[in-house]
Amino acid sequence: MTRTPPTAVTRVRLWRWRRNPLKRHSDVVEAWIVLAGWLLALLAGIVAGVAAARASESAFTARLAQLHPVSAVLTDGAPRTPAAGGGYAAGRVWATVRWTDQNGTVRTDQVKVAPGAPAGSRVTVWTDQAGRVVPAPVTGTAADVQAALTGALVAPAAGALVWGGVRLVRGSLIRRRMAEWDEEWGRVGPRWGNLSGGVG
């Protein structure tokens, strides 16, 4: 019966400066700054993204509260051929509609409708508090998607901003370390030349 030799277990080091005789105090400070910077950037990104998404949802809700749908009637038949071009209302045509507002005033305006809609067809238009026709508000899934996209765009920007601040702090620390090395070499350098016989 053959015995299998025991396998060596390698320990994973989670902290690169642990028990390192070459570590300096500035190395430990820099390592903590980098760790804290990553955590702060991640936290700032999450908080900013969630806050932006909620603000976007609140804006959609506030706009919806200021508008109201009105049933209007086409005064004339809509053209059968839509104008060339894209946009949010591609494939629709302009037509005149008439409705009665909350004060009993009859109003008319131009809105986008399906091509070829006959006169007398009913369409829903959105009006503001002054009775003017406005684009339909973003609601439902479209509002949720736009709010999520807003949060997804803001989150990395906020994280990058925090990380940029951390990089500035770290750069300052590195410049200070280099100045200390220059100062130390100014003291040790002349003696080093004497120890090496004037060479180096």
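Residues numbered from 1 in each chain as written. Predicted model: local features only at pLDDT ≥ 70, side-chain atom pairs only at ≥ 80, totals over all residues. Heavy atoms only, no water.

A. Molecular detail of the sheet that holds strand β4 (residues 122–127). The five strands are arranged β3-β2-β1-β4-β5 in an open sheet whose pairing can be described as antiparallel. A single partner strand is all that each edge strand has here, and the edge strands are β3 (106–113) and β5 (133–134). The pairing of strand β2 (residues 93–100) with β3 spans eight bridges and is antiparallel. Looking at the pairing, R98 lines up with T108 of β3. (Pairing = 2+ DSSP bridges. Helix = DSSP H or I, 4+ residues; strand = E, 2+ residues; numbered from the N terminus.)

B. Representation of the nonpolar core. Formed by V70, A72, L74, A78, V93, A95, V97, W99, V111, V113, A117 and V125, the largest nonpolar core amounts to twelve residues. If one sorts the elements of this core by residue count, β2 sits on top with four residues. In contact with V125, not counting residues within four places along its chain, are H68, P69, V70, A72, V97 and V111. (Core = buried A, V, L, I, M, F, W, Y, C linked by side-chain atoms within 4.5 Å. Buried < 20%, exposed > 50% of the residue type's maximum accessible area, 1.4 Å probe, protein only. Contact = heavy atoms within 4.5 Å.)

C. Broad picture of the side chain of D101. With respect to the helices and strands, D101 occurs in the loop between β2 and β3. Within the structure, D101 has its side chain in polar contact with the side chain of R107 (distance 2.9 Å). (Polar contact = N/O pair within 3.5 Å; in protein donor to acceptor, adjacent residues only side chain to side chain.)

D. The UniProt feature "transmembrane region" (unreviewed entry) in the protein, seen in detail. Sites flagged by UniProt as "transmembrane region" (unreviewed entry) map to residues 31–53. End-to-end, the C-alpha atoms of residues 31–53 are 33 Å apart, and along that stretch the chain is 100% helix and 0% strand. (UniProt positions renumbered as here; feature names shortened; annotations may be inferred.)

E. Expanded view of the pairing of β2. Where burial is concerned, the two faces of β2 differ: the one with V93, A95, V97 and W99 is buried and the one with W94, T96, R98 and T100 is not. Sheet analysis places strand β1 (residues 68–74) next to β2, joined by two bridges and oriented antiparallel. Paired with L74 across the two strands is V97, which belongs to β2. As consecutive antiparallel partners, β2 and β3 are separated by five residues, and within that stretch G104 has a phi angle of approximately 90°, a positive value.

F. Here's a closer look at the packing of aromatic side chains. In the structure shown here, the tally under the stated rule is one aromatic pair. For the pair W38 and W163, a centre-to-centre distance of 4.5 Å together with 25° between the ring planes defines the contact as stacked. In this pair, W38 is assigned in helix α1 (residues 25–66) and W163 in helix α2 (residues 140–195), connecting sequence segments 125 residues apart. (Phe/Tyr/Trp six-rings, centres within 6.5 Å; stacked < 30°, edge-to-face > 60°.)

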